[in-house]
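Chains, contacts and geometry: an overview
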Amino acid sequence: MAQPARPAAKPRPKTKELPEHLKAYRHVWVFVELEHGRVHPVSWELMTEGRRLADALSVELAGVVLGPPGDGTDQAVAEAFHYGADRVHLVEDPLLAHYRTDPYAKALTDVVNAHKPEILLLGASTLGRDLAGAVATTLATGLTADCTELAIDPDSRALAATRPTFGGSLLCTIMTQAARPQMATVRPRVMAMGAPDRSRTGPVVRDRLDMTEEAIATKVLDFIPDADTNQAQLAYADIVVAGGLGLQKPENMRLVVELAEVLGAEYGGSRPLVQKGWITADRQIGQTGKTIRPRLYIAAGISGAIQHRVGCEGADRILAINSDPNAPIFDFAHHGIVGDALEILPALTAAVRQRRAVTRMAG
Ligand SMILES: Cc1cc2nc3c(=O)[nH]c(=O)nc-3n(C[C@H](O)[C@H](O)[C@H](O)COP(=O)(O)OP(=O)(O)OC[C@H]3O[C@@H](n4cnc5c(N)ncnc54)[C@H](O)[C@@H]3O)c2cc1C
């Protein structure tokens, strides 16, 4: 005889209490992403955000710099203070000249274990994503990737890290309640970067990399920058012009590129344009593409789906061109033109060209 169905076991209540040994973890840390002497700007965006979180918790903000001895590393340390750090943890070693997961993960894990920060933020760049995953796994702690918002939960003092889920149709807030540090990555341009204060300075705490070259499986024989990839500087462009399926044919993408050229702007598009091969993947704007924060964003023939919106709503000004007056993009655009993008784009290009010519003649 079939057994009657039994009710599912009650879920065990989750404790909000932090285990005693983790209560010593304090302060907010930002990993300063330094590669070949240059700091990725996402680090300073996170430093600005980290300052806000540290102030909310009444703790210190620290930057972690890993790199080879030299000017680039010294400069990164100085700038960390300019962008808001109260102290900098520094591991300087020739083995850190090129990014390799093993020595970087070892260095960062050891500094965390030695100084015990409660929050550790990294950029969701190629390097940051690799490093964050490796370090979170070694430390057996929680990592929330690609966050769009960070806050402090007033009851538990936990980091409330919000990120899109279910294909961007929902936002979920994740808290790491029983492990430390609480780790999160944030994509470039999601957070605003504060102005640097060049007069700020502070203490540098030096740690050693406890590793030899023999222990590292990956060897860097040479570094050859790839001239073809990531040519589009969308994330940090002042003006971006983008097209969507409303352009109707791949050859009409030319209208977007021409307007971008006369404006000295970058061009991009919605995801379907990448899928159709009209533009390259590094020009996709949105949740699974680039997040942009230009002064002006011109979106032509783009409906404004949530997955596109999250990548562009940080723009100071959004001008939408769409033939449908009810298109969702008009809900968040600052300026709208209801009409045919195939007519409006060339008209805008001609108007900008004419204005440039008049200015040149007058000058
Ligand atoms: C997991 C997931 C991740 C995603 N990530 C992204 C992402 O990163 N970026 C992204 O963009 N999308 C992303 N998408 C896809 C997203 O949901 C939308 O399907 C996509 O943004 C729609 O692209 P579109 O606006 O170009 O096309 P459509 O939605 O088809 O909109 C075309 C628009 O053009 C207008 N139009 C038509 N003809 C003209 C004309 N002649 N002149 C002016 N306007 C005209 C129409 O009124 C319409 O509003 C993702 C989807 C999923 C499920």
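Residues numbered from 1 in each chain as written. Predicted model: local features only at pLDDT ≥ 70, side-chain atom pairs only at ≥ 80, totals over all residues. Heavy atoms only, no water.

1. Here's the deal with the domain arrangement of the chain
Heads up, the rule is: A domain assignment, automatic or from a database, supplies the domain bounds used here. Throughout, a contact is declared for two residues whenever any of their heavy atoms are within 4.5 Å. Two parts placed together each lose some accessible area under a 1.4 Å probe, and adding up what both lose gives the buried area. The term salt bridge refers to a pairing of a side-chain nitrogen on Lys or Arg with a carboxyl oxygen on Asp or Glu at a separation within 4 Å.
Per the domain assignment, the segments making up the chain are domain 1 (20–215) and domain 2 (234–362). The centre of domain 1, based on its C-alpha atoms, is set 34 Å off from the matching centre of domain 2. Facing 13 residues of domain 1, the contacting portion of domain 2 comprises 11 residues. Here domain 1 and domain 2 share an interface that buries about 1000 Å² over both sides, 44% of which is from carbon and sulfur atoms. Seen at the junction of domain 1 and domain 2, the total is zero salt bridges.

2. With respect to the site of the ligand
We count it as follows: Near is defined per residue: the residue qualifies when any heavy atom it owns lies within 4 Å of the molecule or strand. Any N or O atom pair separated by 3.5 Å or less is treated as a polar contact, with the protein-specific requirement of one donor-capable and one acceptor-capable atom, and with residues adjacent in sequence counted only for side-chain atom pairs. Secondary structure counts use DSSP, requiring at least four H or I residues in a row for a helix and at least two E residues in a row for a strand, with both numbered from the N terminus. Amino acids are sorted into nonpolar (Ala, Val, Leu, Ile, Met, Phe, Trp, Tyr, Cys and Pro), charged (Asp, Glu, Lys and Arg) and polar (every other residue, Gly among them).
The environment of the ligand is made up of 26 residues, and the closest members are Ser270, Gln284, Thr288, Ser303 and Gln307. Between the ligand and the protein, one listed contact pairs an oxygen atom with a backbone N or O atom of Gly289 at 3.5 Å. If you list the elements that add at least two residues to the shell around the ligand, you get helix H6 (271–275) and helix H7 (306–312). Here the shell around the ligand is built from residues that sort into six nonpolar, 17 polar and three charged.

3. Topic: the pairing of strand E15 (residues 296–300)
Put simply, the test is: Burial status follows relative accessibility: with a 1.4 Å probe on protein chains alone, a residue under 20% of its type maximum counts as buried, one over 50% as exposed, and anything between as partly exposed. Criterion used throughout: strands pair if DSSP finds at least two bridges between them.
E15 sits mainly inside the fold: four of its five residues count as buried. Summarising the sheet, strand E13 (residues 239–243) and E15 pair through five bridges and their orientation is parallel. Paired with Gly243 across the strands is Ala300, a residue of E15. Where E15 and strand E16 (residues 317–322) come together, five bridges link them in parallel fashion. From the neighbouring strand, Ala300 faces E16, where its bridge partner is Ile321.

4. A few points about the UniProt feature "domain: Electron transfer flavoprotein alpha/beta-subunit N-terminal" (unreviewed entry) in the chain
For the record, the criterion: UniProt positions are given in the numbering used here, feature names are shortened, and annotations may be inferred rather than shown by experiment.
UniProt tags residues 28–220 as "domain: Electron transfer flavoprotein alpha/beta-subunit N-terminal" (unreviewed entry). From the first C-alpha to the last, residues 28–220 spans 32 Å; its make-up is 30% helix and 30% strand.

5. Brief notes about helix H4 (residues 126–139)
Note the threshold: The length a helix should cover is 1.5 Å for every residue beyond the first. Each C-beta atom gives one direction from the helix axis, and the arc is the one those directions make.
Taking 1.5 Å per residue, 14 residues should reach 20 Å; H4 reaches 20 Å between its end C-alpha atoms and fits that length. Along H4, the positions that sit buried rather than exposed are Leu127, Gly128, Leu131, Ala132, Val135, Ala136 and Leu139. All buried residues of H4 fall inside an arc of 135° around its axis, so they share one side. Exposed and facing more than 90 degrees away from the buried side of H4 are Thr126 and Thr137. Of the surrounding secondary structure, the elements contacted by the buried residues of H4 are strand E1 (28–32), strand E2 (34–35), helix H3 (101–115), strand E6 (119–123), strand E7 (143–147) and strand E11 (182–186). Backbone geometry just after H4 places Ala140 at a positive phi near 55°.

6. Section: the state of the cysteines
What counts here: Two cysteine sulfurs form what is called a disulfide whenever their separation falls within 2.5 Å.
Counted according to the given criterion, the structure contains zero disulfides. Lacking any disulfide linkage, Cys147 is separated from the closest cysteine sulfur, that of Cys172, by 8.8 Å. Relative accessible area serves as the criterion here: at 1%, Cys147 is assigned to the buried category. Among the residues examined, Cys172 registers a relative accessible area of 23% and is labelled partly exposed.

7. A few points about the nonpolar core
We count it as follows: Think of a nonpolar core as a cluster: buried Ala, Val, Leu, Ile, Met, Phe, Trp, Tyr and Cys residues, connected wherever their side-chain atoms sit within 4.5 Å.
Formed by 33 residues in total, the largest nonpolar core has its most connected members in Val28, Val32, Met47, Val65, Leu121 and Leu150. At six residues, the largest contribution of residues to this core is made by helix H1 (residues 42–57). Not counting the four nearest positions on each side in its chain, Val65 is found in contact with Val32, Leu34, Thr73, Ala76, Val77, Val88, His89, Leu90 and Val91. One finds Val91, Tyr99, Tyr104 and Ala132 within the second-largest nonpolar core, a separate group that totals 26 residues.

8. Comments concerning the layout of surface pockets
In plain terms, the rule: Think of a 1 Å grid over the protein atoms and nothing else: a 1.4 Å probe that fits but is trapped marks a cavity, an open set flanked by protein within 12 Å on at least five of seven lines marks a pocket, and residues with an atom within 4 Å of a point count as lining. Grid points are joined across faces, edges and corners, and a volume is the space filled by probe spheres set on the points.
In this model, the second largest pocket occupies a volume close to 280 Å³. Together, 19 residues line the second largest pocket, and Ser270, Arg271, Pro272, Ala305 and His308 are the ones closest to its centre. Counting residues per element, the ones that place at least two in the lining of the second largest pocket are H6 and H7. In the lining of the second largest pocket, the residues fall into five nonpolar, 13 polar and one charged.

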